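Structural overview for review
If you want the building blocks of each chain, they are given just below.
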Amino acid sequence: MDRRALPAADPTALWRGLDDADPVGPMWRAAQIFRLVAFVYALGFQVAINGDLEHPAVTWILFAVLTAANVWWTTGYLAGFGRRRWFVAGEVIVSAAMMLSTEFVASGQWIADNQTWPTTLWMTNAALSAALLGGARWGFAAAAVIGLTNYYVKGEFLLNFGRNATAILLAAASIALGMAASRARLMHSRLTAAVELAAASAERERLAREVHDGVLQVLALIARRGREIGGPTDELASLAAEQERVLRQLIAATPAPVADGGALLDLGPGLRALATDRVRVSTPGERVLIDAAVAGEVLAAVGNILDNVERHAGGDAHAFVLLEDLDTEIVVSVRDDGVGIEPGRLSAAVKEGRMGISRSIIGRIEALGGTARLESAPGAGTEWELTVPAGEREAQSR
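In this text the structure is predicted, and so the values were computed from the model without any measurement.

**A look at the sheet that holds strand β3 (residues 279-282)**
- The mixed open sheet is built from 5 strands, whose spatial order is β3-β5-β6-β8-β7. Looking at strand neighbours, the two that pair on one side only are β3 and β7 (371-376), the edges of this open sheet. Strand-to-strand twist in this sheet, taken as the mean axis angle between neighbours without regard to direction, amounts to 10°.
- As defined by bridge partners, β7 adjoins strand β8 (residues 382-389) across 6 bridges and the pair is classed as antiparallel. Bridging from a neighbouring strand, Thr371 pairs with Thr387 of β8.

Listed below in structure tokens is the structure:
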């Protein structure tokens, strides 16, 4: 939510969660309600057992200090500045220290017959805070600290959880809350990405309309009038018509879907965008996901091959691009029916310092850990086969 939309003079906005962009914000507020309930319980416990302690005055001082600390923690978690590792770690440490103080304010017999001061329920808040911040593992770690501190004060480690299930309940609650917090963050991330994609698509549609009503109309007019005039303007008309066709194809093409936080890219749409009157592209019906950086290099290599077809294969040559997904490998074949390449021509080009094919095609693919194989003969056209590793593609199954 836009912070500027909030009334600046509303002191309750923070507590009501109106200015909380954290996807786990509602859980943080719910945890503070639990903290208040636990405080009321701890206060009642303190009043009931204070007379049985060896140092009742000291316990009230410690209780006041812990109450002030809880007010500070509550404020930090609600305002957001406390949702930090050091802040939560401080709560866990202080909570454990307060539990250890039981040995100082109470007798051994009282400790054996009662729960640790100032009640394990109140100290549970530290584990819940850790779970909200770091997920199930952090929650379990904090629960282990609180649970082991409790066992240390009691002087025994009970494996009979049927008689004392405090540690089990503490760990289970922390793990469950941590998993819920992690899931909330994941879903918020996916929703944000979906909203951004929708906004980008809407903007793309707007730009497509602008281009269609402006640039495309001008190119169509140039192509039509150029053909009518003839002569030298005929070449200009052909160029305008070609650019009009490419631009129409570009704005009509579906944007390449991206998965797994932008790490994987569908190679099919990028190849289909290279299609022209002289270039035919065939891709699988399903998405062919591959690392975005690898996809960019493959598309660049194919683009260089098609440029060579345009320049050297002959005016009537046509190119055919085929994309194949072989699970562990991605294969892109580019074949043309042009004049072909004379034997030894590529080696001679390298000696002449013309490194276009060796660097922009072969070198680019080999740098990806793949192979670039060329077959050609005079009058028999040219065929390239580019093979690259598919890599990790878990997101494809989603």
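**Re the nonpolar core**
- Counting residues in hydrophobic clusters, the biggest one holds 37 residues, and the most contacted among them are Trp110 and Trp122.
- Secondary structure elements with two or more residues in this core: α1 (25-49), α2 (56-79), α3 (85-100), α5 (108-113), α6 (120-134), α7 (136-154) and α8 (166-213).
- Per-element tally for this core: the top contributor is α6, with 7 residues.
- Residues contacting Trp110, with those up to four places away along its chain left out, are Phe45, Ile49, Asp52, Leu53, Thr102 and Gln115.
- Membership of the second largest hydrophobic core comes to 28 residues, among which are Ile290, Leu323, Val332 and Trp384.

**A word on the confidence of the model for the protein chain**
- Mean pLDDT over the protein chain stands at 81; residues scoring 70 or higher make up 83%.
- Mean pLDDT values over the elements of the protein chain span from 46, in strand β1 (residues 258-259), up to 94, in α3.
- Counted against residues more than four places away or in other chains, residues 1-11, with its pLDDT under 50, gives 6 contacts.
- Every residue in residues 256-262 scores below 50 in pLDDT, and together they form 17 contacts with partners more than four places removed in sequence or on other chains.

**Points about the packing of α3 against α6**
- In contact at an axis separation of 9 Å, α3 and α6 are set at 160° when each is read in the N-to-C sense. If you check the angle between α3 and α6, you find them roughly antiparallel. Two packed elements cross with a definite hand, and for α3 against α6 that hand is left-handed. Residues Arg85, Val88, Glu91, Val92, Ser95 and Met99 of α3 pack against Thr120, Met123, Asn125, Ala126, Ser129, Ala130 and Leu133 of α6.
- Class assignment of the residues belonging to the contact of α3 with α6 gives a composition of 7 nonpolar, 4 polar and 2 charged.

**What to know about the pairing of strand β6 (residues 329-336)**
- With 6 of 8 residues buried, β6 is to be regarded as a mostly interior element.
- Taken together, the 7 bridges between strand β5 (residues 319-325) and β6 define a ladder with antiparallel strand orientation. Across the sheet, residue Glu324 finds its bridge partner in β6, namely Val331.
- With antiparallel pairing between neighbouring strands as the criterion, β5 and β6 make up a hairpin whose turn holds 3 residues, including Asp327 at a positive phi of roughly 70°.
- Two strands pair when backbone bridges link them, and β6 and β8 are joined in this way by 8 bridges, in the antiparallel orientation. Bridging across to β8, Asp336 finds its partner in Thr382.

**Side note on the environment of Glu383**
- Here Glu383 shows up in strand β8.
- The class of Glu383 is partly exposed, set by a relative accessible area of 29%.
- Separated by 62 residues in the primary sequence, Glu383 and Val321 place their C-alpha atoms 9.8 Å from one another.
- Sequence-distant contacts of Glu383, that is, excluding residues within four places in its chain, are made with Val334, Arg335, Arg373, Leu374 and Glu375.

**Looking at empty space enclosed by the protein**
- All told, the structure shown has 1 cavity of 30 Å³ or more when counted by the stated rule.
- Taken together, Arg35, Leu66, Asn70, Trp73, Glu91, Ser95, Trp122, Met123, Asn125 and Ala126 make up the lining of the largest cavity.
- The set of elements that each furnish at least two residues to the lining of the largest cavity consists of α2, α3 and α6.
- With 4 residues, the top contributor of residues to the lining of the largest cavity is α6.
- When the residues that make up the lining of the largest cavity are grouped by side-chain class, the tally is 5 nonpolar, 3 polar and 2 charged.

**Looking at the pattern of salt bridges**
- Tallying each qualifying case throughout the model produces 7 salt bridges.
- The shortest N-O distance in the salt bridge between Arg225 and Glu228 comes to 3.2 Å. Linking Arg225 with Glu228, this pair stays in helix α9 (residues 215-229), spanning 3 residues, or about one helical turn.
- You can call Arg225 partly exposed: its relative accessible area is 45%.
- Glu297 is the partner of Arg364 in a salt bridge, and the nearest nitrogen-oxygen pair spans 3.2 Å. Taken as a pair, Arg364 in helix α14 (residues 356-367) and Glu297 in helix α12 (residues 292-312) lie far apart in primary sequence, 67 residues in all.

Reading the values: rules and limits
Residues numbered from 1 in each chain as written. Predicted model: local features only at pLDDT ≥ 70, side-chain atom pairs only at ≥ 80, totals over all residues. Heavy atoms only, no water. Pairing = 2+ DSSP bridges. Helix = DSSP H or I, 4+ residues; strand = E, 2+ residues; numbered from the N terminus. Axes fitted to C-alpha atoms, helices over the stretch in contact; angles between N-to-C directions. Core = buried A, V, L, I, M, F, W, Y, C linked by side-chain atoms within 4.5 Å. Buried < 20%, exposed > 50% of the residue type's maximum accessible area, 1.4 Å probe, protein only. Contact = heavy atoms within 4.5 Å. pLDDT = per-residue confidence, 0-100. Parallel < 35°, antiparallel > 145°, perpendicular 65-115°, else oblique. Left-handed = near helix turned anticlockwise from the far one by under 90°. Nonpolar A, V, L, I, M, F, W, Y, C, P; charged D, E, K, R; others polar. 1 Å grid on protein atoms, 1.4 Å probe; cavity = no way out; pocket = protein on both sides within 12 Å on 5 of 7 lines; lining within 4 Å. Points joined across faces, edges and corners; volume = space filled by probe spheres on them. Salt bridge = Lys/Arg side-chain N within 4 Å of Asp/Glu carboxyl O.

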